[in-house]
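Examining the three-dimensional arrangement
Listed below, chain by chain, are the residues.
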Amino acid sequence: MDNAALPARRFKIVCAYDGTAYYGWQTQPGYVSLQETIEGVLAGIVKHPVEIHASGRTDHGVHARGQVFHCDLSTRMTERSLKMALNANGRLPPDIRVTSCREVSPAFHARFTAHKKEYRYYVWNTRLLPPTKRLYNAHIVRPLDLEAMRAAARLMLGTHDFAAFAANPNRPIASTVRTLYAFEITKRGSQVCFRVQGNGFLYKMVRSLVGFLLRVGAGQEPPENVLPLLEPGTPRTARVPSAPACGLFLWHVWYHDVLPGARDDRA
């Protein structure tokens, strides 16, 4: 039987990637994207066209440890054999790897059944940036006041209108209100990590939050200056720069149950 004649099965796939060489996640004519690259490899394995749907789009130069996508495949392959085939030498490029593959209910949707995401942003905060760190950290030479940044980050927690921390995605947005559950800032050696969890994020929102916090850390803004920016309808201004893409990682995605009796499905 031809694969295309088999019933379609939905797979939830988690992948990690170095986004340096890609013009973001979404397929764009004339550019190399992660979506197009993965779809092409999957189509070669199952022998029919494949469309994948991700938990969210990452921008040019942004990385992922736990990007989740789903796809409907007509195949007899097991979860394990599909994962092995994707990671086989010569199929996916070495800067993309599948870390998990499981068959799920047709009710699962990588974007619409997600209820929490975590991003991490890394800054190398010293005069010298090691060459091996340059693709995965923003480089900030000026000393940063961690306590001031933590104070501002605490004020961002909860449900707010984050319009002032979003860029124009060139598509309709139903609401700019989002909820942040956690925002932690830690430092280990020269590396500062911003770890933020929320129910969803607007276009360039995490980079904008970090960009403002870096201004706070540099003494250009007091922590309480974040409050007027969270007022409903506040427009974005030059006070909210976007931190460089290279420091950002999509870290983890949590999902609502989509199968009877299933536990919270963690990516």
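Remember, it's a predicted structure, so these values are computed and weren't measured experimentally.

This paragraph deals with the nonpolar core. If you look at the biggest cluster of nonpolar residues, it comprises 74 residues, and the most contacted ones within it are L42, F69, F165 and F194. Dropping the residues within four chain positions of it, F69 is found in contact with F11, K12, I13, C15, W25, I38, L42, I52, H53, A54 and A110.

Considering the arrangement of structural elements, one finds R207 in helix α4 (residues 205–217). There is a polar contact of 2.8 Å between the side chain of R207 and the backbone oxygen of A243. With residues up to four places along the chain from it excluded, the contact list for R207 reads D59, Y121, P241, S242, A243, P244, A245 and L248.

At their nearest, the axes of helix α1 (residues 34–46) and helix α2 (residues 79–87) sit 10 Å apart, and the two run at 125° to each other. Relative to α2, the element α1 is oriented oblique. Both α1 and α2 take part in a crossing whose hand is right-handed. The residues of α2 that touch α1, namely those facing V41, L42 and I45, are L82, A85 and L86. Residues of the contact of α1 with α2, tallied by class, amount to six nonpolar, no polar and no charged.

Three or more residues of α2 are buried, namely L82, A85 and L86. Taken end-on, α2 shows its buried residues confined to a sector of 100°, consistent with a single buried face.

According to the stated counting rule, one finds twelve aromatic pairs in the structure shown. Ring geometry for F165 and F212: centres 6.0 Å apart, planes at 85°, overall edge-to-face. Taken together, the positions of F165 in the loop between β7 (158–161) and β8 (177–188) and F212 in helix α4 put the pair 47 residues apart, joining distant regions of the chain. With respect to class, F165 is no different from F212; both count as buried.

In this section: the environment of V210. Position of V210 relative to the elements: it lies in helix α4. Using a relative accessible area of 1% as the deciding quantity, one classes V210 as buried. Distance from V210 to D95, taken between C-alpha atoms, is 26 Å for residues 115 residues apart in sequence. Leaving out residues up to four positions away in the same chain, V210 has contacts with Y121, F194 and A243.

Analysis parameters
As a convention, each chain's residues are numbered from 1 in the sequence order in which they are written. Totals for whole chains, interfaces and linings use all residues, but because this is a predicted model, local features are given only for residues with pLDDT of at least 70 and pairs of side-chain atoms are given and counted only at 80 or more. Each side-chain value is worked out from all heavy atoms of the structure, with water and hydrogens disregarded. To define a nonpolar core, start from buried Ala, Val, Leu, Ile, Met, Phe, Trp, Tyr and Cys residues and group those joined through side-chain atoms within 4.5 Å. When accessible area is computed with a 1.4 Å probe and restricted to protein chains, residues below 20% of their type maximum are described as buried, those above 50% as exposed, and intermediate ones as partly exposed. The contact criterion used is simple: two residues touch if any of their non-hydrogen atoms lie within 4.5 Å. A run of DSSP states H or I qualifies as a helix once it reaches four residues; a run of E qualifies as a strand once it reaches two. Both are numbered from the N-terminal end. Under the rule applied, a polar contact is a pair of N or O atoms within 3.5 Å (in protein, one hydrogen donor and one hydrogen acceptor; residues adjacent in sequence only if both atoms are side-chain atoms). Axis geometry follows a simple rule: fit a line to the C-alpha atoms, using only the stretch in contact for helices, then measure angles between N-to-C directions, giving values from 0 to 180 degrees. An angle below 35 degrees is read as roughly parallel, one above 145 as roughly antiparallel, one from 65 to 115 as roughly perpendicular, and any other as oblique. Helix crossings get a hand from a simple test, with the near helix turned counterclockwise from the far one by less than a right angle marking a left-handed crossing and a clockwise turn marking a right-handed one. Each residue gets one of three labels, nonpolar for Ala, Val, Leu, Ile, Met, Phe, Trp, Tyr, Cys and Pro, charged for Asp, Glu, Lys and Arg, and polar for the others, Gly among them. What the arc measures is the spread of directions leading from the helix axis to the C-beta atoms. Only rings of Phe, Tyr and Trp enter the pairing, Trp through its six-membered ring, and a pair is recorded when the two centres are within 6.5 Å. The plane angle decides the type: under 30 degrees is stacked, over 60 is edge-to-face, the rest tilted.

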